[in-house]
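So you can see what is in the structure, the chains are spelled out below.
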Amino acid sequence: MDINFFLFFRKKYNLMLSSINFIIDSYDEIKDYQLRNNIEGDSVIFTKDQTIKRNCIMEKIQILNLIDICNSHIKNICNHEFIDDNIDIDLDNSQAITYCRICELTEDEIFK
Ligand SMILES: [Zn+2]
């Protein structure tokens, strides 16, 4: 299959992953809010039933697996064109990286 197929799917799975992480974080924030304010479980709609959060965590595992599968295909079929760059770690430090311009995987990800 064409590399664009895998790049498109990986992009969509990463967007889905961001949305799922947002939902999981929101559940945790609701739980923290409840604990900080000493709100009884019965009065808050999400505290008793964590089914949606559990399902999101299961879905997250599947999406991470699908991203891995996409990356393993991309690694093999991309005609990698490497470029050197620096990424900021914090305000004072940056780190040199080499990644592919086409598939955006780093050398470490491709050759591990
Ligand atoms: Zn590449």
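Residues numbered from 1 in each chain as written. Predicted model: local features only at pLDDT ≥ 70, side-chain atom pairs only at ≥ 80, totals over all residues.

Trainee: An account of the overall build of the protein chain is needed here, citing residue identities and associated values.
Mentor: Helix and strand content of the protein chain: three helices and two strands. In the protein chain, the order of α-helices and β-strands from amino to carboxyl end is α-α-β-β-α. Here the C-alpha radius of gyration of the protein chain, 20 Å, is well above what a compact globule of 112 residues would show, namely 13 Å. The C-alpha extent of the protein chain, read off along each of the three principal axes, is 55 × 40 × 20 Å. Counting every position in the protein chain, which comprises 112 residues, the buried fraction comes to 5%. Considering only residue pairs separated by 6 or more positions, the protein chain has 51% of its internal contacts joining residues 24 or more positions apart. (Helix = DSSP H or I, 4+ residues; strand = E, 2+ residues; numbered from the N terminus. Rg over C-alpha atoms; globule rule 2.2 N^0.38 Å. Buried ≥ 20, exposed ≤ 12 C-beta atoms within 10 Å, placed from the backbone. Contact = placed C-beta atoms within 7 Å.)

Trainee: Please provide a residue-by-residue account of the pairing of strand β2 (residues 94-100), values included.
Mentor: Bridge analysis of strand β1 (residues 82-88) against β2 gives seven bridges, and the strand direction is antiparallel. Pairing of Asn86 across the sheet is with Ala96, part of β2. Linking β1 to β2, which pair antiparallel, is a turn of five residues. (Pairing = 2+ DSSP bridges.)

Trainee: Explain helix α1 (residues 3-36) residue by residue, including any values.
Mentor: Here α1 spans 49 Å end to end across 34 residues, near enough to the 50 Å set by a 1.5 Å rise per residue. Remark: Asn38 follows α1 within two positions and exhibits a positive phi of approximately 55 degrees. (Expected span 1.5 Å × (residues − 1).)

Trainee: Talk me through the confidence of the model for the protein chain; I want residue IDs and the actual numbers.
Mentor: When pLDDT is averaged along the protein chain, the result is 90; 91% of the residues meet or exceed 70. Within the protein chain, helix α2 (residues 51-77) carries the highest mean pLDDT (95), whereas helix α3 (residues 107-111) carries the lowest (90). (pLDDT = per-residue confidence, 0-100.)

Trainee: Go over unusual backbone geometry, please, and point to the residues and values.
Mentor: A positive phi angle, close to 65 degrees, is found at Glu104, a residue other than glycine. With respect to the helices, strands and loops of the structure, Glu104 is situated in the loop between β2 and α3. Residue classification places Glu104 among the partly exposed residues on the basis of 13 C-beta atoms within 10 Å.

Trainee: Tell me what's going on with the environment of Ser72, and back it up with residues and numbers.
Mentor: Considering the arrangement of structural elements, one finds Ser72 in helix α2. Judged by the 10 C-beta atoms lying within 10 Å of it, Ser72 is exposed. With 38 residues separating them along the chain, Ser72 and Ile110 place their C-alpha atoms 8.5 Å apart.

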